[in-house]
Amino acid sequence: MDVKQLAAFQGFSLEKLQKHTVFQSGRFFLDVYCLAPGQSQKPHRHATSDKVYLVLDGSCRFRIGDEEATHGPGSTLFAPAGSEHGVVNDGLDNARLLVLMTPPPEHA
């Protein structure tokens, strides 16, 4: 049994958001994104991949399609394939997000 403790995924960097892989296969990935205040993932889209964000700690402003709102711990957000999405930590505290994507995006 492969068991991971999400509390162990705490690596932050002052330069940019950090992505820590929890599990990954050819069908999905599950990461913890660590965003220090002011860090962001620019809006982008994945033509054939769905993404789910779950806020573990802190709060972030999410943009999915034409909607934008700030959400905190316990909030789960869905970015369906083809929708533009991005996230920014514009708060004062570190934020951690559990991020699931299926299938993993194709890299050029």
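Sequence order as written defines residue numbering, which begins from 1 separately in each chain. Only residues with pLDDT of at least 70 get local features here, since the model is predicted, and only at 80 or more are side-chain atom pairs given and counted; chain-wide, interface and lining totals rely on the full set of residues. Each side-chain value is derived from all of the structure's non-hydrogen atoms; neither hydrogens nor water enter the calculation.

Bringing the nonpolar core into the picture now. Only buried residues count toward a nonpolar core, which is a set of Ala, Val, Leu, Ile, Met, Phe, Trp, Tyr and Cys residues joined through side-chain atoms within 4.5 Å. Accessible area is worked out with a 1.4 Å probe on protein chains only. A residue is then buried under 20% of its type maximum, exposed over 50%, and partly exposed in between. Judged by nonpolar contacts, the single largest core of 16 residues is most densely connected at Y33, F62 and L97. A run of H or I in DSSP counts as a helix once it spans at least four residues, and a run of E counts as a strand once it spans at least two, with each numbered from the N terminus. Taken together, the elements giving at least two residues each to this core come down to strand 2 (29-35), strand 4 (50-57), strand 5 (60-64), strand 7 (76-79) and strand 9 (95-102). The biggest single contributor to this core is strand 9, with four residues. Beyond its immediate stretch of four places on either side in the chain, Y33 contacts L17, Q18, K19, Q41, K51, A95, R96, L97 and V99. Contacts were defined at the residue level, with two residues in contact if any of their heavy atoms lie within 4.5 Å.

The next point concerns the UniProt feature "domain: Cupin type-2" (unreviewed entry) in the protein chain. Per the UniProt record, "domain: Cupin type-2" (unreviewed entry) is found at residues 33-100. Between the end C-alpha atoms of residues 33-100 there is a gap of 10 Å, over a span that is 0% helix and 59% strand. UniProt positions are given in the numbering used here, feature names are shortened, and annotations may be inferred rather than shown by experiment.

The next point concerns unusual backbone geometry. Across the junction of T102 and P103, the peptide omega takes the value -15°, indicating a cis bond. Counting through the fold element by element, P103 comes out in the segment after strand 9.

Moving on: the sheet that holds strand 3 (residues 40-44). Ordered in space as 3-8-5-6, the four strands form an open sheet in which the pairing is antiparallel. Of all the strands in the sheet, the pair left with one neighbour each is strand 3 and strand 6 (67-71). Going across the sheet, the axis of each strand differs from the next one's by a mean of 20°, ignoring polarity. DSSP-based pairing: two strands are paired if at least 2 bridges between them are found. As judged from the four bridges shared by strand 5 and strand 8 (residues 85-88), these two strands associate in the antiparallel manner. When the sheet's bridge partners are listed, R63 is paired in strand 8 with G86. To get an axis, a line is fitted to the C-alpha atoms, and for a helix only the part in contact is used. The angle between two axes follows their N-to-C directions and goes from 0 to 180 degrees.

Before going further, it helps to spend a moment on the sheet that holds strand 1 (residues 18-24). The sheet built from five strands is open, its strands ordered 1-2-9-4-7 with antiparallel pairing. Of all the strands in the sheet, just strand 1 and strand 7 have a single pairing partner and so form its edges. Averaged over all neighbouring strand pairs, the angle between strand axes comes to 20°, with direction disregarded. As paired elements, strand 4 and strand 7 share four bridges and run antiparallel to each other. Along strand 7, the bridge assignment pairs L54 with T76.

Glancing now at the state of the cysteines. Two cysteine sulfur atoms form a disulfide, by the criterion used here, when they sit within 2.5 Å. Counted under the stated rule, the structure contains zero disulfides. The thiol of C34 is unpaired, and the distance to the nearest cysteine sulfur, on C60, comes to 10 Å.

Counting through the fold element by element, H46 comes out in the loop between strand 3 and strand 4. On the basis of relative accessibility, which here comes to 14%, the residue H46 falls in the buried class. Excluding residues within four positions of it along the chain, H46 makes contact with K51, A81, G82, H85, M101 and P105.

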